[in-house]
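# Residue-level structural notes
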Amino acid sequence: MVSIDVRNAYVDFPIFDAKTRSLKKKVLGKVGGKIGTDSKVPIIEALQDITMSIHEGDRVGLVGHNGSGKSTLLRLLSGIYEPTRGSSRIVGRVAPVFDLGIGMDNEISGYENIMIRGLYLGMTRKQMQKRVDDIAEFTELGNYLQMPLRAYSTGMRVRLALGVVTSINPEILLLDEGIGAVDSAFMNKARNRLVDLVKRSGALVFASHQDELLLELCTSAVWLDEGHVRQRGSLREVLTAYKGKDPYESIGAEAAKRLGIESSTPVGSGYTS
Amino acid sequence: MHTISTLTSDQPEEPGAVPPGRLPASRSFRRAFDDLRAGVAARELWSHLGWQDIKQRYRRSVLGPLWITISMAVTAFALGLLYSQLFQADIATFLPYITVGLITWHFLIGCLQEGSNAFIENEDMIKHLPAPLTVYALRTVWRLMIMFVHNLIVYVVILAIFFPALAQPGYTIIEEGGIPQPGLNVTALMAVPAFGALALNGLWVVLLLGITSTRFRDVPQVIAAVSSLLFFMTPIVWSIDILAAKFPETGGGWRQYLYEFNPVYHFLEIIRAPMIGNVQSLHHWFVVGGFTVVGWLLTVVVMRNYRSRVSYWV
Ligand SMILES: Nc1ncnc2c1ncn2[C@@H]1O[C@H](COP(=O)(O)OP(=O)(O)O)[C@@H](O)[C@H]1O
Ligand SMILES: [Mg+2]
């Protein structure tokens, strides 16, 4: 069984090169985490007093403004940041997909990149060898896969990265918003793979600004505001509170059909996942 | 990255509720050892990354990693030629001496220099992947070991050429007043455990310096600043019998402290002496053993306290 438990967790970033108090004043009051003042080294309290628990089968969407701590929370849940105060426990293999470009090497071929990216995501070389053909087919890159990555266009890189990421078998899948930033034509093709990936994974936490993608992948949601949990509940409920209107109202006709809902259903009915 | 498994309590877990009881603390020896164990277990990842680093460095060059070997050969030959003449030493024995010294020096100074950058240069990965820190340390040590093996080719070639001179019992490195050496024999096999000891120490050095340097960015600068001093203070291009021969009455006297207090000398000597048939002295092994124990103890304590801070500091 996979699970993540976080209790009263704080994430404080020390900012070593900012010795002057003037910087504190400058940052204070703008978006983002609170800035602590009592210690010598200024700190940014990116997350404060977070308590949450994620279990097998959970599909959690993460919403909140820029700088509210979504990416930081995903890193906390993955174990990259251990809480500065409070505690956390992660049981299961985490596949963090925060940045499609990470672990990609410009100088080596597409095939080699598939391999290394898979190793980063916790796969073994053997498991990756089995998947290479499937990934190659999905990316439609053909002979380009033998070329060094530096010969790829941005779109081609994204295809490659998405191909690898969606081929793994994660126990706990953590997705940051970058994954949705793919051009829509390719996204239509990638969507099915993404949905499959989420189905395969034991648990999902997905930070996103895209309602349609959230509705497709998640069932519950957490709203982060300035490093606090502002609200948690069912996805529709949280999205309604966060955006100030029911997400189903503004959903596109095509997406509505895919999700199996009427695009102008009143709140409280036809909620499928 | 793999399983970060920790204490599993037997309390029943309600969905959505955080189970009662204390969650494991970040600062514990258990977590430090888990990091080491999981890091070593991710062998495919760090060995791949270590190789990748080497290939990356020589990408698109025609000779590729062979350049490591070539540059070592050129350096060893030129320095060997010059210093053998300066010190009136026989090139047949001085060249092997300098070659093994240089090869080992590269590994040792690599552990210090590249070790202090081990986490800093992996900032991106550390912030995107929950991998044990040990993975990055092993990547660095593995890369240095691959370099070492490439350099060993120079040693093998030189050994093939000068074997008769080195296998001669009683040979001396310098012509006048040199210490008689036993010559190459089966005790050369001591080089194998010696290399193991170097690698084992390399790992703690990389972990310790790596963690310290992420917090105090002056550490890599300090190491860079003292590295050439260390090179000339260590008997690499000179040998201790040169010093002793200059002061025959006292056998060097206080001057031996110039190298006996230099840890690098002892690490160097445990592997160089067997490889060129020099006198092997147990006291080097005692020093290395002491460093291994104390170094690892210190490193485990530092890992316990600061392992979880590295991702905040890089
Ligand atoms: N490595 C870091 N060092 C210092 N501050 C950081 C770091 N990462 C994030 N922060 C701060 O934490 C807050 C939350 O950031 P982030 O998690 O990236 O928000 P989001 O993903 O919701 O846009 C911001 O105030 C940001 O400045
Ligand atoms: Mg973000």
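Residues numbered from 1 in each chain as written. Chains lettered and ligands numbered in written order. Predicted model: local features only at pLDDT ≥ 70, side-chain atom pairs only at ≥ 80, totals over all residues.

An unreviewed UniProt entry lists chain B under the name ABC-2 type transport system permease protein, from Haloechinothrix alba. Word for word, the UniProt comment on chain B under Subcellular location (unreviewed entry) is "Cell membrane". Under the Sequence similarities (unreviewed entry) heading, UniProt states for chain B: "Belongs to the ABC-2 integral membrane protein family." (UniProt positions renumbered as here; feature names shortened; annotations may be inferred.)

Chain A is annotated in an unreviewed UniProt entry as ABC-2 type transport system ATP-binding protein from Haloechinothrix alba. Here chain A is described in UniProt, under the heading Sequence similarities (unreviewed entry), as follows: "Belongs to the ABC transporter superfamily."

Attention now moves to the overall build of chain B. Helix and strand counts for chain B come out as 13 helices and zero strands. The secondary structure elements of chain B, listed N-terminal to C-terminal, are α-α-α-α-α-α-α-α-α-α-α-α-α. For the C-alpha atoms alone, the extent of chain B along its principal axes is close to 80 × 50 × 40 Å. Scored against the burial criterion, the 314 residues of chain B give a buried share of 40%. (Helix = DSSP H or I, 4+ residues; strand = E, 2+ residues; numbered from the N terminus. Buried ≥ 20, exposed ≤ 12 C-beta atoms within 10 Å, placed from the backbone.)

With that out of the way, let us pick up the overall build of chain A. In terms of regular secondary structure, chain A is built from nine helices and ten strands. Residues classed as buried in chain A amount to 44% of the 273 residues present. Counting contacts in chain A only where the partners sit at least 6 residues apart, residues at least 24 apart contribute 70% of the total. (Contact = placed C-beta atoms within 7 Å.)

A word on the UniProt feature "transmembrane region" (unreviewed entry) in chain B. All names here are of chain B. UniProt feature "transmembrane region" (unreviewed entry): in the numbering of this structure it lies at residues 62–83, 95–120, 141–166, 186–210, 222–240 and 282–303. Helix makes up 85% of residues 95–120 and strand makes up 0%, while its end C-alpha atoms are separated by 37 Å. Overall, residues 222–240 shows 68% helix and 0% strand. The separation of its end C-alpha atoms is 27 Å.

For the rest of this paragraph, the subject is the packing of helix α3 (residues 110–120) of chain A against helix α4 (residues 125–139) of chain A. Residue and element names in this part refer to chain A. As a packed pair, α3 and α4 sit with axes 10 Å apart at the nearest point and diverge in direction by 130°. With respect to each other, α3 and α4 are oriented oblique. Considering only the axes of α3 and α4, their crossing is right-handed. Listed contacts from α4 to Tyr111, Ile114, Met115, Gly118 and Leu119 of α3 are Arg125, Met128, Val132 and Ile135. The residue inventory of the contact of α3 with α4, partitioned by class, reads seven nonpolar, one polar and one charged. (Axes fitted to C-alpha atoms, helices over the stretch in contact; angles between N-to-C directions. Parallel < 35°, antiparallel > 145°, perpendicular 65-115°, else oblique. Left-handed = near helix turned anticlockwise from the far one by under 90°. Nonpolar A, V, L, I, M, F, W, Y, C, P; charged D, E, K, R; others polar.)

Before going further, it helps to examine α3 of chain A. Residue and element names in this part refer to chain A. Counted residue by residue, α3 has nine buried out of eleven residues, so it is predominantly covered. Among the residues of α3, those classed as buried are Gly110, Asn113, Ile114, Met115, Ile116, Arg117, Gly118, Leu119 and Tyr120. At the exit of α3 stands Gly122, carrying a positive phi of roughly 90°.

All names here are of chain A. Strands sit in the order β6-β7-β8-β4-β9-β10 across an open sheet of six strands; the sheet is mixed. Lying at the two open borders of the sheet, with one neighbouring strand each, are β6 (94–97) and β10 (228–234). When the angles between neighbouring strand axes are averaged without regard to direction, this sheet yields 15°. Of the strand pairs in this sheet, strand β4 (residues 59–63) and strand β8 (residues 203–207) are connected by four bridges, and their pairing is parallel. (Pairing = 2+ DSSP bridges.)

Here chain B shows a mean pLDDT of 90. Residues at 70 or above account for 92%. Below pLDDT 50 for its whole length, residues 1–19 of chain B participates in 32 contacts with residues either more than four positions away or in separate chains. (pLDDT = per-residue confidence, 0-100.)

With that settled, consider the pairing of β4 of chain A. All names here are of chain A. Of all five residues making up β4, five are buried, and the element is well covered by its neighbours. Here β4 shows a buried face lined by Arg59, Gly61 and Val63 and a second buried face lined by Val60 and Leu62. Direction of pairing for β4 relative to strand β9 (residues 220–225): parallel, over a ladder of four bridges. Looking at β9, one finds that Val60 is bridged to Ser220.

All names here are of chain B. Residue placement: Ser228 occurs in helix α8 (residues 219–233). With 10 C-beta atoms packed within 10 Å, Ser228 lands in the exposed category. Distance in space between the C-alpha atoms of Ser228 and Ile271 is 21 Å, their sequence separation being 43 residues.

Before going further, it helps to examine helix α4 (residues 91–116) of chain B. Residue and element names in this part refer to chain B. If you check α4, its first and last C-alpha atoms are 36 Å apart, about what 26 residues at 1.5 Å a residue would give, namely 38 Å. Along α4, the largest kink reaches about 30° and is centred on Gly110. Buried residues dominate α4, accounting for 22 of its 26 residues. (Expected span 1.5 Å × (residues − 1). Bend = angle between axes of the 7 residues up to and from the residue.)

All names here are of chain A. At Glu140, a residue that is not glycine, the phi angle is positive and equals roughly 55°. Residue Glu140 is classed as exposed on the basis of its C-beta count, with 12 C-beta atoms lying within 10 Å. The residue Glu226 is not glycine, and still its phi comes out positive at about 45°. As for its placement among the helices and strands, Glu226 is situated in the loop between β9 and β10.

Residues and elements named next belong to chain B. Turning to its location among the elements, Tyr58 is positioned in the loop between α2 (43–57) and α3 (66–86). Accessibility expressed as a C-beta count within 10 Å gives 14 for Tyr58, which makes it partly exposed. Along the chain, Tyr58 and Leu229 lie 171 residues apart, while their C-alpha atoms are 29 Å from each other.

On to the environment of Gly277 of chain B, then. Residues and elements named next belong to chain B. On the secondary structure map, Gly277 appears in the loop between α11 (263–276) and α12 (282–306). Under the C-beta neighbour-count criterion, Gly277 is labelled buried, with 23 such atoms within 10 Å. Considered as a pair, Gly277 and Gln168 are 109 residues apart in the sequence and their alpha carbons are 9.0 Å apart. Beyond its immediate chain neighbours, meaning those up to four positions away, Gly277 contacts Leu166, Ala167, Gln181, Pro182, Gly183, Leu184, Asn185 and Ala188.

Residues and elements named next belong to chain B. At their nearest, the axes of α4 and α11 sit 9 Å apart, and the two run at 135° to each other. As far as their axial angle goes, α11 and α4 are oblique. The way α4 lies across α11 gives a crossing that is right-handed. Here Pro96, Tyr97, Val100, Gly101, Thr104, Trp105 and Leu108 of α4 lie close against α11, whose contacting residues are Val264, Phe267, Leu268, Ile271, Arg272, Met275 and Ile276. Partitioning the contact of α4 with α11 into residue classes produces eleven nonpolar, two polar and one charged.

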